[in-house]
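Listed below are the residues making up each chain.
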Amino acid sequence: MTANGVYGNHISNNSPPHHHQPPSGIPNVSTTNMSQAPVTNSPTSSPTHHPNGIELTENFYINNRNKRKHNLKIQVQLNANGIYLRRETPDHDQITEQLIRMEDIIGSYCGGKVKKKTGGVLHSCKRKQEEDEEQHHSEGSTDSQRQSQQQQDISAYLYIYAYVRKEKPLRRMRTVRILRFRSFLTYEDNLKSAERWQRAIKINKGSDMHSLGRKPLLIFLNPKSGSGKGRVMFQKQVIPVLKEADIPYELMVTTHANFAREMVKKRQDLPQKYSGIVVASGDGLYFEVLNGIMERLDWRVLTRDLPLGIIPCGSGNGLAKSIAHCYNEPYEPKPIVNASLTCVSGKWAPLDVVRVELLTKEKQQQEMFSFLAIGWGLIADVDIESEKLRSIGAQRFTLWSIHRILNLRTYKGKLSYLPWKRTAQETVRGSLRHKVRKSGSTSVLRRFQDALDEDEAERPNNEGFADACDGENDDDNDFADIISQSTYRPDSWASAKSNVTAYYSIPGHSLRSNRSVATIQSRIEAANAEFNTTRPQSKIPAITEPPAADWICEEGEYVMVHAAYTTHLASDCYFAPESKLNDGIIYLVVIRAGVGKSQLVQFLLNLSAGTHLAEAPTPHMQVIPVSAFRIEPDLSESGILTVDGEKVPYGNLQAEIFPGLIKTMVPNVPSPLTAAANNGAE
């Protein structure tokens, strides 16, 4: 959905002082205050500096062939909150107001008029008499005369691109506001005026401190994604957003499986050359990039300096949907455009990563890293076996689910897991979530904590972990027509901003010796280099060793064991409603043999709504929050294991979560947890 507006400014030196402050909330509200703002009439004059940003104010007029809207005055004010427009009505008895928030603005263009037709324009800085004369001559001129007039246009244009959030239904509406500056007799002077506004927008947005900087994004595109339409979708939906946000990028089109993994693994200039890595495909390509990074010796540098983004051009798209859900951002009806906005926001958040160890039948060990889910049994069977029906699209999952329930399988094996325990930091976060928790059923974590340790769960500090959790628009055409999140860096003593300090005891010369200072410095650098190349340190026994004493072990027959650490396994599979991107929890869903087929049908039907989990655990169906788990299937039987939707060798599998190990790109709005913390502080 798109709304365009073009406005030209008109200077009036007799305007009374302006006392009306722009509203901080809902756009399109009415008021009877008719005061006007003083107008700046020099292209090089300095804007007003305020503690909350730069403020600029100027009057513009709509030049539109629609007589009702022609020469309506628009007062445009720019400040740290955004761009505020006030439109006077013809009767001069009230005005209509709109605020385009700064976080909704993704970029701007300053220069000559863009050839593409965009509706009415705001014209700048000519006397009203000249406007009327120009309109009169324009109506009586021939096509050749009009073309000559356009070629002599000395106006400068400022195009402001925004994607305004609309609530009902939840969506982002593309909005373009065009300011035409023509107060002066030369294009150069008019351009200076327009550039002053553009520069103020960038400063108020913090674009000069933009986390993406001026380094390009590295984008991997799978041309076969989206039923083979990946390249077309990228050109039509992603490139326009990148251009509007003025984000440079380098595109690599994958040619074979593991192309991205190999490229990321061997390219040594990634942290120096790029500001982030984006995959335009399904979750499988993100899996490739993640494991390519983790296979490098300097993986800590990449996970620290390069956030990863995803644009959902594939069939699963669980991570993209989970990010949108956690930040209460729209996903449908344009998931590719909405995810593109996320990738140009310049914001990131820590993302949990799970280290997976495999021990195959041949006793060969493998290691990989996962960001989404691990499956054994029913869902994994449906996911992999339905590949033969890929030509029919998403319906393949439904058809194969019916087939698999009618021919239900069970798998023998041993399941072991380390129950999740709340840390001191999680206790504080949990108390904040509790303050904003909505009424409803008791959380899975609370129920599990009650069952695990009844006495401990009754203590106040052990509160349960709860939910925190293009077209036309007539209203916007009255003008003719993401909330900055403080970045968070995982605590690493190698970080300059870390709260954790590591001290090394190094024998040798006294610190009073200049030579010893250099020696100590070189040893510290060597220690840092060694730290950066070490693998993530596991806190659990190796897969070849028996589980520790604090693990819970059981043996039996299972219909399904599925572990998730994001809310969605796919865009329509709301599997772990209480999951957060970086909560350090694996949600282990266990369905044991003996469950009724009708109960399984309800489970699958309710996955899209997130109501598939029972209010209380049953003997056959249970969800368990864990920090690590191990699956040891009976290898005399065949079966399927999946990691992030990819089939892996069948054998023993062990998984351990590493909270916030990598950075992922997120929308320019606060997460529910951030909002809860702010409310708690107040």
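- For the chain, the name recorded in an unreviewed UniProt entry is sphingosine kinase, with Musca domestica as its organism.

## What about the pairing of strand E23 (residues 586-592)?
On a regular strand, each side chain points to the face opposite its neighbour's, so the side chains alternate between the two faces of the sheet.
Here's step 1: Within E23, seven of the seven residues are buried, which leaves it mostly tucked inside the rest of the structure.
Here's step 2: Along E23, one buried face is formed by Ile586, Leu588, Val590 and Arg592 and the opposite face, lined by Tyr587, Val589 and Ile591, is buried too.
Here's step 3: As paired elements, strand E20 (residues 552-564) and E23 share six bridges and run antiparallel to each other. Across the sheet, residue Val561 finds its bridge partner in E23, namely Val590.
Here's step 4: Relative to strand E24 (residues 621-633), E23 runs antiparallel, the two sharing six bridges. Of the residues in E24, the one forming a bridge with Val590 is Gln622.

## What about the packing of helix H12 (residues 378-385) against helix H13 (residues 395-406)?
Here's step 1: As a packed pair, H12 and H13 sit with axes 9 Å apart at the nearest point and diverge in direction by 130°. As far as their axial angle goes, H13 and H12 are oblique. Considering only the axes of H12 and H13, their crossing is right-handed. Counting all contacts with H12, which are made through Leu378, Asp381, Val382, Asp383 and Glu385, the residues of H13 involved are Arg396, Phe397, Trp400, Ser401 and Arg404.
Here's step 2: For the contact of H12 with H13, the residue count by class is four nonpolar, one polar and five charged.

## Digging into the pattern of salt bridges
Here's step 1: Applying the stated criterion to the full structure yields 18 salt bridges.
Here's step 2: As a salt-bridge pair, Lys273 and Glu250 come within 3.6 Å of each other at their nearest N and O atoms. Residue Lys273 is located in helix H7 (residues 270-273), and its partner Glu250 is located in strand E13 (residues 249-253); the two are separated by 23 residues in the primary sequence.
Here's step 3: Look at Lys273 and you get partly exposed, because its relative accessible area is 36%.
Here's step 4: Here Asp305 makes a salt bridge to Arg304, at a shortest N to O gap of 3.1 Å.

Conventions we followed
Residues numbered from 1 in each chain as written. Predicted model: local features only at pLDDT ≥ 70, side-chain atom pairs only at ≥ 80, totals over all residues. Heavy atoms only, no water. Buried < 20%, exposed > 50% of the residue type's maximum accessible area, 1.4 Å probe, protein only. Helix = DSSP H or I, 4+ residues; strand = E, 2+ residues; numbered from the N terminus. Pairing = 2+ DSSP bridges. Axes fitted to C-alpha atoms, helices over the stretch in contact; angles between N-to-C directions. Parallel < 35°, antiparallel > 145°, perpendicular 65-115°, else oblique. Left-handed = near helix turned anticlockwise from the far one by under 90°. Contact = heavy atoms within 4.5 Å. Nonpolar A, V, L, I, M, F, W, Y, C, P; charged D, E, K, R; others polar. Salt bridge = Lys/Arg side-chain N within 4 Å of Asp/Glu carboxyl O.

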